[in-house]
Each structure stands twice: as C-alpha cells, then as structure tokens.
Amino acid sequence: MKFLPIITAFAATAIMAAPTKERAGCVARSYDQISGTKDCTAIIIQGPFTVPANKKIDLTGLKTGTTIKIAGTITFAKGTLDKNNDLVTIGGTNIKVDGTSGTFDGSGPLYWDGKGGNGGVDKPKFVRLSKMSGSITGLTVIDSPVHTFAVNGCHGLTLTNITIDNRGPKYALGHNTDAFDVGSSSDITITGAKVYNNDDCLAVNSGTNIAFNGNYCEGGHGISIGSIKAGSVVDGVSIKGNTVVNSANAVRIKAYANATGGKVNNVTYSDITMSGITGYGIIIQQDYTNDGATGKPGGAAPITNVNLYNVHGSMAKKSRQSVYILCAKCSNFNFQKIAITEGAAANGISPKPMGC
Ligand SMILES: *[C@@H]1O[C@H](CO)[C@@H](O)[C@H](O)[C@H]1NC(C)=O
Ligand SMILES: *[C@@H]1O[C@H](CO)[C@@H](O)[C@H](O)[C@H]1NC(C)=O
Ligand SMILES: *[C@@H]1O[C@H](CO)[C@@H](O)[C@H](O)[C@H]1NC(C)=O
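Residues numbered from 1 in each chain as written. Chains lettered and ligands numbered in written order. Predicted model: local features only at pLDDT ≥ 70, side-chain atom pairs only at ≥ 80, totals over all residues. Heavy atoms only, no water.

How would you sum up the overall build of the chain? Please name residues and give values.
Summing up its helical and strand segments, the chain has one helix and 26 strands in all. Against the compact-globule benchmark of 21 Å for 356 residues, the chain has a radius of gyration of 22 Å, which places it among compact chains. Seen through its C-alpha atoms, the chain measures out along the principal axes to roughly 80 × 55 × 40 Å. With 356 residues in all, the chain has 51% of them scored as buried. Working note: accessible area of the chain is about 14,700 Å², and carbon and sulfur atoms make up 55% of it. If the 32 positive side-chain charges of the chain are averaged to one point and the 23 negative ones to another, these points end up 2 Å apart. (Helix = DSSP H or I, 4+ residues; strand = E, 2+ residues; numbered from the N terminus. Rg over C-alpha atoms; globule rule 2.2 N^0.38 Å. Buried < 20%, exposed > 50% of the residue type's maximum accessible area, 1.4 Å probe, protein only. Areas by Shrake-Rupley, 256 points an atom, 1.4 Å probe, with all protein chains shown as cover. Lys, Arg positive; Asp, Glu negative; His and termini not counted. Charge placed at Lys NZ, Arg CZ, Asp CG, Glu CD.)

Here it is as structure tokens:
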C-alpha cells in the first residue's frame, strides 16, 4: 500500500512526456510548411491558411502508421489546373487522418460554369486517396471545383463521418461534383457521410468488397455502380442503410453497351430510403453513355447477382419512373420489399435516362 503514491507519480510523468515526441517541424501552419512534415509520424495541418493558386498538397510517400490531424479551414485559391490534377493527394500504409475539426474549401463557385468535367473552365479534382490504407474520420470538404474524392488503388481504407457540401453560391452551376469515385480498390468502407452535391454520391467504377453504409445523399445523381467501361470489373458491393433525398436517381447501375471485359457482380442494396427523386428510384442500364442513354443496350459487361432488399420511399411529383431496367445481358436479380411511390404520371418528361 505504501508504494502506491510513487507508482502514481511515475505514471503521470510518462503520460505527460508523450506529446513532446511531436516535433515543431511536424506542424504546418502555412502551405510552405507542409513539405517539411513528410518524414514525421504525427503531422498536424493547422488552418486557417490558403493554398496558393495552382499549388497542390502532396501527402504521399508517408511513413507507415503516420497520423495526420487536419484542423481549421484550408482554402484552395482558384487557379488554372485542369481535371488531370488533384488539389490534395494522400497515400501510404495505415495512415490515420483525423479531420474532425478540419475543413478543405475548394473555391468551387469561382470555377462553376455548368459544364463540370465536360468542358468550359479548367477545373482540378479535389482529394485523391492513392494507394492509401487506414482511415479518414470527420473531414469537411466544401465546394469542390469538380469531382470531390477519388479512391484509387486503395486496399483496406475506412472513411467515416465525412461531410461533403458542394452547395456554395451558384450551386446550380456546379456539375460533376461526384462525392466518392472508387476505382481499382478493395476492402473500402464509407460510412456516416453527409453529401450535398450534384452528381453521383458514390460511383464504384471498379473494385471488390466495397461497403457504403449509413450515408446521407442530397441533391445529386444517386448511389451508383459504374459507369462501367471496357475492362471495369465491380465484384462485391454492399450498400446498406442509406438515405437519398432530392436527387436524380437513388439506386443506379450504369454500363456502356460496348464495355468489353467489364462486369458487375454481387451487388446488394438494402434498407435504402428515398424521397424527391426526379429521374428513377431504381435504374439499371446497359445503354449508358456520358451524353445520355442510347436506348440500345449491349451485354459486353454482364450484370449479375443484384440483390435489392427493402428499397422504399417516394419520387418527386415531377419525375420519370420508379423502376427502369434496360438490359441485354443481366441475370439473377433478386428484388424484395420494393415500395416506391410514383410521382404524378411522368408529366410529359421523356423517360430516356440522362448522361452526366
Ligand atoms: C461518427 O459519428 C457518429 C454519430 O455522430 C458517432 O457516434 C461516431 O462515434 C463517429 N465515428 C467516429 C469514428 O468518429
Ligand atoms: C458478395 O460480396 C460481399 C461483399 O459485399 C462478400 O462479403 C460476399 O462474400 C460476396 N459473395 C460471394 C458469393 O462472393
Ligand atoms: C463505346 O461507346 C461509347 C459511346 O457510344 C463511345 O464513345 C466509345 O468510343 C466506345 N468505345 C469503344 C471501344 O468502341
């Protein structure tokens, strides 16, 4: 008993010593200080500061197990980079990003011209997760010039409680502001996201074992697999417990007719709630092109083993139709408990699906 106070004092010293391992050089309070943090294992990026026009944050090649805390607002000045650039790239093994008090502002309204990635003003993409494993928690990302998150070549990555809000001034002119584009990745979980945008909330272009659970999507084009092009393989996606509001579609699988070598297999959408859907509640199409549907489906990329369970809610008053399926080569669709209230009879809108 008498030794107890000594042990307690020792423990307190050990706990207090821990934070001093953080070097001053591991805290970036301006854009110029970021490159100097790359050999740190605990990086702090502390806003507010502005990333100058045409500069990009490169957080690739980090040490295994690095933690990054992003705090305050980091604003990206409008520049002239095009969609082959990403304003932020993060990569590395077992990287843990804590963005609970951090915001990236992409200055989107200064670029938005209604043309998105299809033309007009050059627009950089926003955040690329490249060959990254680990997690990101709680980051807020606002006003992306065009696509918001690209998850590319990542294996074992969890994105939790991310907010994407692309509703800045001139919201209607924002275009192709996809929330999460996933390609060539496996074992990805996206959960607790709140998305306000005007394109896909999720677009899985290729990958396996992708989970999208408990997210909220408003204003966009819905939760999508595809668009599937030649060689794109999506196998094993679970989309569960999501809400889609005031969007063009809720549930969507889109493939090009000529997507040779592509396929979509083993996709489950369960417990999906929708409201205010202006296009389709559920749309599965093998006639997709970026310029709109052709009406001529092709089965180059077969769509197989699609399970929809408990998909419910309502269309907008003025909408196309609750369920639309146009396939050339699809098999083993299992739909149960689908209940979508139709809008007032199509209102003369063409049922032909739109492009992006
Ligand atoms: C995500 O948000 C939910 C709801 O606020 C909270 O319960 C959960 O702990 C958060 N997750 C993380 C990893 O911070
Ligand atoms: C289907 O995909 C899920 C992941 O979404 C996976 O857990 C399951 O094992 C896959 N089923 C088959 C038969 O491969
Ligand atoms: C596939 O179809 C699309 C849309 O019609 C077209 O733009 C593209 O060039 C075609 N690709 C190939 C490989 O034929």
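Now that the structure has been shown, we can carry on.
Go over the site of ligand 3 with me, naming the residues and quoting the values.
Near ligand 3 you find Tyr-256, Asn-258 and Thr-289, and these make up its full shell. Here Asn-258 contributes a side-chain N or O atom positioned 2.4 Å from an oxygen atom of ligand 3. Bound to the protein, ligand 3 loses 29% of the 360 Å² it would expose on its own. (Near = heavy atom within 4 Å. Polar contact = N/O pair within 3.5 Å; in protein donor to acceptor, adjacent residues only side chain to side chain.)

How would you summarise the site of ligand 1 if you had to cite specific residues and measurements?
All residues adjacent to ligand 1 are Thr-137, Thr-160 and Asn-161. Within the side chain of Asn-161, one N or O atom sits 2.3 Å away from an oxygen atom of ligand 1. In the complex, the protein chains occlude 27% of the 370 Å² of accessible area that ligand 1 would expose alone.

Now, about the environment of Gly-236: what can you tell me, with residues and values included?
On the secondary structure map, Gly-236 appears in strand 19 (residues 233–240). Overall, the relative accessible area of 14% leaves Gly-236 in the buried class. With 69 residues separating them in the primary sequence, Gly-236 and Asn-305 have C-alpha atoms 9.6 Å apart. Apart from the residues within four sequence positions on either side, Gly-236 is in contact with Thr-208, Asn-209, Ile-210, Asn-265 and Asn-266. (Contact = heavy atoms within 4.5 Å.)

Please provide a residue-by-residue account of the side chain of Thr-89, values included.
Here Thr-89 is to be found in strand 6 (residues 86–105). Residue classification places Thr-89 among the buried residues on the basis of a relative accessible area of 18%. If we ignore the near neighbours within four places in the chain, the residues touching Thr-89 are Ile-57, Asp-58, Leu-59, Thr-60, Arg-128 and Ser-130.

Before we move on, can you summarise the state of the cysteines with the specific residues and values?
For the coordinates displayed, the defined rule picks out three disulfides. Sulfur-sulfur distance for the disulfide between Cys-201 and Cys-217 comes to 2.2 Å. One disulfide, between Cys-201 and Cys-217, carries an S-S torsion of -75 degrees and so falls in the left-handed class. In this pair, Cys-201 sits in strand 15 (residues 200–204) while Cys-217 sits in strand 17 (residues 216–218), placing the two residues 16 residues apart along the sequence. You'll find Cys-201 and Cys-217 in the same group, each marked buried. The partner cysteine of Cys-327 in its disulfide is Cys-330, sulfur to sulfur 2.0 Å. Its S-S torsion of approximately -75 degrees makes the covalent link between Cys-327 and Cys-330 left-handed. (Disulfide = S-S within 2.5 Å.)

Tell me what's going on with the pattern of salt bridges, and back it up with residues and numbers.
This model, assessed by the stated rule, comprises seven salt bridges. Its salt-bridge partner being Asp-235, residue Lys-263 comes within 3.6 Å of it at the nearest N-O pair. One end of the pair, Lys-263, is in strand 22 (residues 263–277); the other, Asp-235, is in strand 19, and 28 residues separate them in sequence. For Lys-240, the salt bridge identified is with Asp-271, shortest N-O distance 3.1 Å. One end of the pair, Lys-240, is in strand 19; the other, Asp-271, is in strand 22, and 31 residues separate them in sequence. The exposure class assigned to Lys-240 is partly exposed, which follows from its relative accessible area of 41%. (Salt bridge = Lys/Arg side-chain N within 4 Å of Asp/Glu carboxyl O.)

If you had to explain the UniProt feature "active site" (unreviewed entry) in the chain to someone new, which residues and values would you point to?
The sites that carry the UniProt feature "active site" (unreviewed entry) are, in the present numbering, His-221. On the secondary structure map, His-221 appears in the loop between strand 17 and strand 18 (222–228). Judged by relative accessible area, His-221 falls into the buried class, the value being 15%. (UniProt positions renumbered as here; feature names shortened; annotations may be inferred.)

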